[in-house]
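What follows is the residue order along each chain.
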Amino acid sequence: MANAASGMAVNDECKLKFMELKAKRIYRFIIFKIENQQVVVEKVGSPEETYEDFTASFPADECRYSVFDFDFITDENCQKSKIFFIAWAPDTAKIRSKMVYASSKDRFKRELDGIQVELQATDPSEMSLDIIKSRAL
Amino acid sequence: MYGGDEVSAIVIDLGSHTCKAGYAGEDAPKAVFPSVVGSIDQMEVDDAANTDTNSGAAMEAKSNAKTPDSDKNKGKRKLFVGSQALGYRRDQMEVVSPFKDGIVADWDIVDNIWDHAFRECLLIDPTEHPMLLAEPSSNPQQQRERAAELMFEKYKVPALFLAKNAVLTSFASGRATSLVVDCGGGSTTIAPVHDGYVLQKAVATSPIGGEFLTDCLLKSLESKGIKIKPRYSFKRKEVRPGDFQPFDLDFPSTTESYRLYSQRVIASDIKDSVCRAPDSPYDESAYANIPMTPYELPDGQTIEIGSDRFKVPDVLFNPPLAQTIPGMESFSEFALSARGLSQMVIESINKCDVDIRRELFSSILLAGGTASMQQLKERLEKDLLEESPQAARVKVLASGNTTERRFSVWIGGSILASLGSFQQMWFSKTEYEEHGASYVQRKCP
């Protein structure tokens, strides 16, 4: 357990939706938020949705957690996919929101089994498609 | 589990220079006062009391004196805590710190500081409030247990939590992984935090903090013939209507440590008002002709500060520079062994796992009292860009809000302790009674 963890609970639906994304691949992404002292699913994106649709789903001045199923082609022309976990904490978010999300992250991430790459972003440039691509390879 | 979220918790961040204390859930600490205290030896007084113990009246007087005040006489000395008590000059009063090399060496002083915070600043009954204490990132187990013992046994607090400075700062900036550069009063600490854990092996500390810079400024001004008169050493009198002149007062029984403390208070204000980190390493000749900045001392004399404005902050980046300041030679040994800020950052990151170095380089958080120094963030970022590996994307972050920058540790603790979900995380009195002080390691890892 991390030092100074918040003790925030995780709603069962988070795990369920994540398993569906991982195993059945019926979602492109999931956005999670903290509400009433637990982490809940805020939004899911269908497999047709793009990375732009995903980034547009983040509020400009509030924190969120998210997972994204990223499809890409390797240098050897091989079709692959990787599951990203992105913690969104914009500079403009209230300090309280930043503290709550950061101190609950470790516990929450442990519930999601199968994350391959992790990112934390405080502005859109830190989670640009180029960065996602470079981290996937 | 501690279930009392009805009363608000108390958050205390006892730094090497300043103690920050207040109610959880608030935006800033209610009480901010020096971590050093005044101390007067009580030898003679106690001896006098012992000689007439056979008289019943004296016995009664002694037992009546069993107020919180009598605790302060422990170790045959009287302690004076808080800005006001310290601001008043007393004969033979020494200024002492509870810390030695960043960890608590004198628990009696800490006890008095806590007591002052509870009873004189916050006006609370500690038995009713859970306490969250911020602690240094590499606080030894023995120290943590000592803190738990004192809190539960003496103050009888219902619950306690020890949170690490660096973790609180990191979380308060929205990051579970970051490199925290804490430029404090007594020292500078670099601590990598990964997913809420402090990577202990990579923590780096240097004794160069705000106070060292203050001393550099003080000595440098003295070498130029500028004498900073402590506030107690003169009185300003109106000689003609509207015309005030300082008159020197003589207090031969003032201790050297108190005189220095009083001078530092002034020098520290000069530093905060005029100093600024230079854009590139300080160069004597380049700054020889810079315009002077005026500063009015408390005694009314106006002094002019030139190159020292830039030279003093540069000591953070280049400690051996302190040797060129007359009067600072005594520190030459540690100024030589201490490393510069950017060098420490790079060394600390290189001690971490290769996989997280990139992330650390892009989340360097600047916090602490000295972090408010003008241009410090920009200079650190510039130096790191030059010295870091090519692929690294260097980003130094500091809250734009000076209160948040200065009190990031306290604010992080304040938010954490006020969360409904956190109430199950406290180390409760019942758990302490059942498992003992060592259980603090389990509850507050």
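Residues numbered from 1 in each chain as written. Chains lettered and ligands numbered in written order. Predicted model: local features only at pLDDT ≥ 70, side-chain atom pairs only at ≥ 80, totals over all residues. Heavy atoms only, no water.

Under the annotation held in an unreviewed UniProt entry, chain B carries the name Actin-related protein 4 and is attributed to Corymbia citriodora subsp. variegata. As its UniProt record puts it under Sequence similarities (unreviewed entry), chain B is described as follows: "Belongs to the actin family. ARP4 subfamily." Taken verbatim from the UniProt record of chain B, the Function (unreviewed entry) comment is "Involved in several developmental processes including organization of plant organs, flowering time, anther development, flower senescence and fertility, probably by regulating the chromatin structure." (UniProt positions renumbered as here; feature names shortened; annotations may be inferred.)

(A) Quick look at the overall build of chain B. Counting its secondary structure elements, chain B contains 18 helices and 21 strands. Within chain B, the fraction of its 445 residues that count as buried is 53%. The contacts in chain B between residues at least 6 apart in sequence include a share of 69% that link residues at least 24 apart. As displayed, chain B offers around 19,800 Å² of accessible surface, 49% of which is attributable to carbon and sulfur atoms. (Helix = DSSP H or I, 4+ residues; strand = E, 2+ residues; numbered from the N terminus. Buried < 20%, exposed > 50% of the residue type's maximum accessible area, 1.4 Å probe, protein only. Contact = heavy atoms within 4.5 Å. Areas by Shrake-Rupley, 256 points an atom, 1.4 Å probe, with all protein chains shown as cover.)

(B) Structural detail: the side chain of Arg77 of chain B. All names here are of chain B. Looking at where Arg77 falls in the secondary structure, it is placed in strand E5 (residues 77-80). A polar contact of 3.0 Å, which involves the side chain of Arg77, links it to the side chain of Asp106. Side chain to side chain, Arg77 and Asp108 meet in a polar contact 2.9 Å long. (Polar contact = N/O pair within 3.5 Å; in protein donor to acceptor, adjacent residues only side chain to side chain.)

(C) Geometry of the pairing of strand E19 (residues 364-367) of chain B. Residue and element names in this part refer to chain B. On E19, burial covers both faces: Ile364 and Leu366 on one face and Leu365 and Ala367 on the other are all buried. Summarising the sheet, E19 and strand E20 (residues 396-397) pair through two bridges and their orientation is parallel. What sits directly across from Leu365, in E20, is Leu397. In this view, the connection linking E19 to its parallel neighbour E20 by way of helix H14 (residues 376-387) has right-handed handedness. (Pairing = 2+ DSSP bridges. Right-handed = clockwise from strand over helix to strand, strands pointing away.)

(D) Representation of the packing of aromatic side chains in the model. In the structure shown here, the tally under the stated rule is 29 aromatic pairs over all chains. Ring geometry for Tyr282 of chain B and Tyr287 of chain B: centres 5.2 Å apart, planes at 15 degrees, overall stacked. An aromatic cluster of three or more residues is present, and its members are Phe29, Tyr51, Phe54, Phe58, Phe68, Phe70, Phe72, Phe84 and Trp88 of chain A. (Phe/Tyr/Trp six-rings, centres within 6.5 Å; stacked < 30°, edge-to-face > 60°.)

(E) A look at the sheet that holds E5 of chain B. Residue and element names in this part refer to chain B. Reading across the sheet, the three strands line up as E5-E4-E6 and stay open at both edges, with antiparallel pairing between neighbours. The open sheet has two free edges, formed respectively by E5 and strand E6 (94-96), since each of these has just one partner strand. Between one strand axis and the next, the sheet turns by 35 degrees as a mean value, whatever way the strands run. In terms of strand pairing, strand E4 (residues 37-41) meets E5 through four bridges, oriented antiparallel. By the bridge assignment for E5, Gly38 is matched with Phe80. The strands that helix H5 (residues 107-121) touches are E4, E5 and E6; relative to E5, the one it contacts most, it runs at about 45 degrees. (Axes fitted to C-alpha atoms, helices over the stretch in contact; angles between N-to-C directions.)

(F) Structural detail: the interface of chain B and chain A. With 38 residues of chain B at the interface, the matching set in chain A holds 28 residues. Its largest share of buried area at the contact with chain A, chain B owes to Phe171, Asp195 and Ile415 of chain B, together 19% of the area lost on that side. Our enumeration of links across chain B and chain A arrives at four salt bridges. A salt bridge links Lys109 of chain A to Asp195 of chain B; the nearest nitrogen and oxygen atoms lie 2.7 Å apart. Inspection of the region where chain B meets chain A yields 17 residue pairs in polar contact (both at pLDDT 80 or more). At the level of secondary structure, the elements contributing two or more residues to the side of chain B that touches chain A comprise strand E10 (159-164), helix H7 (165-172), helix H13 (354-361), helix H16 (408-418) and helix H18 (440-443) of chain B. Among the elements that take part in the side of chain B that touches chain A, H16 of chain B stands out by supplying five residues, more than any other. For the side of chain B that touches chain A, the residue count by class is 17 nonpolar, eleven polar and ten charged. (Buried area = accessible area lost by both parts, 1.4 Å probe. Salt bridge = Lys/Arg side-chain N within 4 Å of Asp/Glu carboxyl O. Nonpolar A, V, L, I, M, F, W, Y, C, P; charged D, E, K, R; others polar.)

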